[in-house]
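Observations on chain architecture
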Amino acid sequence: MSDTDTQGHAETLRTPIVAVLGHVDHGKTTLLDKIRGSAVSEGEAGAITQHIGATAVPLETVSQMAGSLVNPDDFDLPGLLFIDTPGHHSFTTLRSRGGALADIAVLVVDVNDGFQPQTLEALDILQRTGTPFVVAANKIDTTPGWNRQDGEPIQKTYEAQSKQARKRLDENLYKIIGNLSDEGFSADLYWRVQNFTKNIGVVPLSAITGEGIPDLLAVLMGLSQRYMKEEMEIDVDGPGKGTVLEVKEEKGFGATLDVVLYDGTVKEDETIVVGGANGPIVTEVRAILQPRPNAEIRTEKRFNRVESVSAATGTKIAAPDLEDAMAGAPVRVVRDRDLDEVIAEVEAELAGIEVDTAEQGVVVKADTLGSLEAMANALDEAEVPIVRAEVGDVAPRDVSIAGTAREDEHKVILGFNVDVLPDAKKELENSDVRLFKHDVIYQLIEDYDEFITERKREQQ
Ligand code: GDP
C-alpha cells in the first residue's frame, strides 16, 4: 500500500512491532521459536525474514499459519515484526514517552503457575505505556487429560475437552482473568471479546505443540488492523526514527547499535543523533549491517552491508563514538532537518524519562532507560529516595557516591539487570556500601526493604 503525496513522499503502512513479555520460564522463548519454526516449515522461501534483533513474518505467512482465521484480503498491514529478545530486556525498553519500541505486546502466562512478579511488572509497564496487549495462556498441553485437536481453532479444542480437563483448565484460565481484573483490566477468552482495546483477549495455547498459535497470530493481526492502522502510516522515505535495542561491541566495527527502526530510512554516511549517558551523541553512520543467513557466529562475515534500510526493521548501525549510547534511547536521522532541532528532540525524549533525584538517597543502576524508569517508579511508590539513577554497569563512581551518604539506608546501590565493573568490585570490598542486584524489580525492592527492616530491628 503506497500513496505518493505532492512532495513525493511515500505514505506506507508499516509492520506492527510485537514484543513478547512475561515471567521467567513461562515460555516466551519457546513461543517465539515456535512461531519462527512453524513459519519456516510452512515451506516457501521468504516465509520469514531474519532482521537484527527481530523476525518479520509477512501477512502471507501469517495467513498460511492461521488458516481460516486470517484471510489476507481483509488486511493491508504487511505482517508482524516480532522482537527476538523476549522478557525483561525487550519490555523494559518499552517506553512511556517518545518513540515506543513495540506497538503491541504478548504477555505470556504459564496457566499452571499463574501471575508472578515479572507478570505484574510487565503489566505495570503495559498499563503506563498504554500498549495494547493480548495474554497467551501458555502450556495448556500440561492440563491432565488434555485432548489435542490439530488444525482446529483453539475454541473448538477447548470446547471438546473432557469434563475433568475442562474444569481444571477453566480454574487456571479464570484465575488469570481474575488476576487481570485485580490489576484493572477487563479480560476474557479471546473469542468472547468484541473490542480488543477495551477488553484483554486471553488466548489459551501451547508453545510446545503449537495449538492456539494460529489464534494468537489472528488476534494480533486483527487488533493491529482494526485499531492501530493509523499509527502504522509512515513516511518511508523520510529521515529514520528508531529505538536502541542494544549497544554491542562487534569485531571489526567497535561499538554498534542494534536498532528497531519504526519510521523512515537510514542510509550510509548519514548524520544521526543517538541518546547517550552524557547527552545526545551526534555521529555518522559508517555501516548498516543485516544478518547473513547461516553465517558463522562472531566474525565480521556474519553481516551483510547494505546502503540503506527502511522501517519497520531491526538493523545494526556501526558508527564512531557510540560507547555511551544507551539501550532504550532514541535514534534520529538528521538528513535535511536542522541538527539543533533533532538534538533538542532527542534531549526532550531523554529528559522525559529523567528520574527525580533527591539530595540523599540510594544509587540506582539499570540496563535500559525503560528499566531505569520502571525502577524509579517502583522506588517512588515504596517512598525510597534516589540520589543518582543511570543506565549501565555499577562503576567505581557509583560506589563513591553511595559511600558519601549520611544514613546507612542510603549507602546502597540497587542494580537491575547489570554487572559490576572490576574496579567497582574492589571499591565495594573496601567500603560499607551495600549492593543489591536482581533481575526482578519487585524482588530487588523486597531485598532492600528486608535490609531496612533488619537495620531498624538492630538499632532498637
Ligand atoms: P522463558 O524464560 O519465558 O523464555 O521460558 P522458556 O521458553 O525458556 O520455557 C521454559 C520452560 O517451559 C522450558 O523447559 C520449555 O520447554 C517449557 N515450555 C514452554 N512452553 C511450553 C508449553 O507450551 N508446554 C509445555 N509443556 N512446556 C513448555
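First, a word on what this report is: a plain description of the structure on this page. (Residues numbered from 1 in each chain as written. Predicted model: local features only at pLDDT ≥ 70, side-chain atom pairs only at ≥ 80, totals over all residues. Heavy atoms only, no water.)

Some points on a negative patch on the surface
On the surface, Glu11, Glu230, Glu231 and Glu233 cluster together into a patch of negative charge. Here Glu11 shows up in strand 2 (residues 10–13). (Patch = residues over 30% accessible without salt bridge, like charges linked within 9 Å, V, L, I, M, F, W, Y side chains within 5 Å. Areas by Shrake-Rupley, 256 points an atom, 1.4 Å probe, with all protein chains shown as cover. Salt bridge = Lys/Arg side-chain N within 4 Å of Asp/Glu carboxyl O. Lys, Arg positive; Asp, Glu negative; His and termini not counted. Charge placed at Lys NZ, Arg CZ, Asp CG, Glu CD. Helix = DSSP H or I, 4+ residues; strand = E, 2+ residues; numbered from the N terminus.)

Some remarks on the nonpolar core
Of all hydrophobic cores here, the largest spans 97 residues; its most connected members are Leu31, Val106, Phe133 and Leu180. Membership of the second largest hydrophobic core comes to 32 residues, among which are Met375, Ala378, Ile386 and Ile441. (Core = buried A, V, L, I, M, F, W, Y, C linked by side-chain atoms within 4.5 Å. Buried < 20%, exposed > 50% of the residue type's maximum accessible area, 1.4 Å probe, protein only.)

Some remarks on the pairing of strand 21 (residues 330–333)
Residues Pro330 and Arg332 line one face of strand 21 and the alternating positions Val331 and Val333 line the opposite face, and both faces are buried. Bridge count for strand 12 (residues 241–250) against strand 21 is three bridges, and the pairing is antiparallel. Looking at strand 21, one finds that Gly242 is bridged to Val331. When strand 15 (residues 271–276) meets strand 21, the two strands line up antiparallel, connected through three bridges. Among the inter-strand pairings, Ile272 is bridged to a residue of strand 21, identified as Val333. (Pairing = 2+ DSSP bridges.)

Here's the deal with the environment of Lys365
Here Lys365 lies in strand 22 (residues 362–366). Linking Lys365 and Ala389, residues 24 residues apart in sequence, is a C-alpha distance of 5.9 Å. Leaving out residues up to four positions away in the same chain, Lys365 has contacts with Glu390, Val391, Gly392, Asp393, Val394, Asp398, Ile413, Leu414, Gly415, Phe416 and Val418. Side-chain polar atoms of Lys365 contact the backbone oxygen of Asp393, separated by 3.3 Å. (Contact = heavy atoms within 4.5 Å. Polar contact = N/O pair within 3.5 Å; in protein donor to acceptor, adjacent residues only side chain to side chain.)

Considerations on helix 6 (residues 163–182)
The periodicity of an α-helix, 3.6 residues per turn, causes residues three or four positions apart to be oriented the same way. Here helix 6 spans 28 Å end to end across 20 residues, near enough to the 28 Å set by a 1.5 Å rise per residue. When helix 6 is considered as a whole, its buried residues turn out to be Ala165, Leu169, Asp170, Asn172, Leu173, Ile176, Ile177 and Leu180. In the core, the buried residues of helix 6 are packed alongside strand 7 (104–110), helix 4 (117–129), strand 8 (133–138), helix 5 (154–159), strand 9 (187–189) and strand 10 (200–204). Positive phi appears at Gly184, one or two residues downstream of helix 6, with a value of about 95°. (Expected span 1.5 Å × (residues − 1).)

Some details on the site of the ligand
Close to the ligand lie 15 residues, the nearest being Asp25, Lys28, Thr29, Thr30 and Asp141. Interatomic distance of 2.5 Å between a side-chain N/O atom of Thr29 and an oxygen atom of the ligand. One nitrogen or oxygen atom from the side chain of Ser206 is found 3.2 Å from an oxygen atom belonging to the ligand. Considering the ligand on its own, with 580 Å² of exposed area, one finds that the protein chains cover 71% of that surface. Looking at the shell around the ligand element by element, the count peaks at three residues for helix 1 (residues 28–41). Taken together, the residues that form the shell around the ligand break down as three nonpolar, eight polar and four charged. (Near = heavy atom within 4 Å. Nonpolar A, V, L, I, M, F, W, Y, C, P; charged D, E, K, R; others polar.)

Looking at the packing of helix 9 (residues 369–381) against helix 12 (residues 441–459)
Packing of helix 9 against helix 12 brings their axes to within 10 Å, and their N-to-C directions diverge by 45°. The angle between helix 9 and helix 12 falls in the class oblique. The chirality of how helix 9 crosses helix 12 is right-handed. Contacts from Ser371, Ala374, Met375, Ala378 and Leu379 of helix 9 reach helix 12 at Ile441, Leu444 and Ile445. Of the residues belonging to the contact of helix 9 with helix 12, the class tally is seven nonpolar, one polar and no charged. (Axes fitted to C-alpha atoms, helices over the stretch in contact; angles between N-to-C directions. Parallel < 35°, antiparallel > 145°, perpendicular 65-115°, else oblique. Left-handed = near helix turned anticlockwise from the far one by under 90°.)

Quick look at the side chain of Asn138
Positionally, Asn138 belongs in strand 8. For Asn138, a relative accessible area of 3% puts it in the buried group. Filtering out sequence-adjacent residues up to four positions away, Asn138 remains in contact with His26, Gly27, Val108, Val109, Asp110, Val111, Leu205, Ser206 and Ala207.

Observations regarding the sheet that holds strand 8
The strand order across the open sheet formed by eight strands is 4-5-6-3-7-8-10-9, and the pairing between neighbours is mixed. Edge positions in the open sheet fall to strand 4 (49–50) and strand 9, since each of these has one partner strand only. Across two bridges, the pairing between strand 3 (residues 17–22) and strand 6 (residues 79–83) is parallel. Considered in strand 6, the bridge of Ile17 is made with Leu81. Set on the sheet, helix 4 makes contact with strand 3, strand 7 and strand 8; between it and strand 7 the angle comes to about 160°.

Considering the sheet that holds strand 12
Read from one edge of the open sheet, eight strands run 16-15-21-12-13-20-17-18, paired in antiparallel fashion. Taken across any chain shown, the strands that pair with only one partner, and hence form the sheet edges, are strand 16 (279–284) and strand 18 (303–306). Sheet twist, expressed as the mean angle between neighbouring strand axes with direction ignored, is 35°. Two elements, strand 17 (residues 287–291) and strand 20 (residues 313–318), share three bridges in a ladder whose sense is antiparallel. Paired with Ala287 across the two strands is Ala318, which belongs to strand 20.

As for unusual backbone geometry
Cis geometry marks the peptide bond from Ala311 to Ala312, where omega comes out at -10°. Its location among the elements puts Ala312 in the loop between strand 19 (308–310) and strand 20. Unlike most non-glycine residues, Asp321 shows phi in positive territory, near 65°. Inspection of the secondary structure puts Asp321 in the loop between strand 20 and strand 21. Positive phi, close to 45°, is recorded for Arg335, a residue that is not glycine. Here Arg335 shows up in the loop between strand 21 and helix 8 (339–351). With a relative accessible area of 26%, Arg335 lands in the partly exposed category.

What about the packing of aromatic side chains?
Tallied over the entire structure, the rule returns seven aromatic pairs. An angle of 75° between the planes, with centres 6.5 Å apart, marks the rings of Phe253 and Phe303 as edge-to-face. Here Phe253, found in the loop between strand 12 and strand 13 (254–263), pairs with Phe303, found in strand 18; they are 50 residues apart in sequence, far enough to count as distant. Here Phe436 and Phe451 contribute two aromatic rings whose centre-to-centre distance is 5.4 Å and whose plane-to-plane angle is 55°, an arrangement assigned as tilted. Taken together, the residues span a long stretch of sequence, with Phe436 in strand 25 (residues 434–438) and Phe451 in helix 12 at a distance of 15 residues. Across the pair, Phe451 and Phe436 agree in class, each one buried. (Phe/Tyr/Trp six-rings, centres within 6.5 Å; stacked < 30°, edge-to-face > 60°.)

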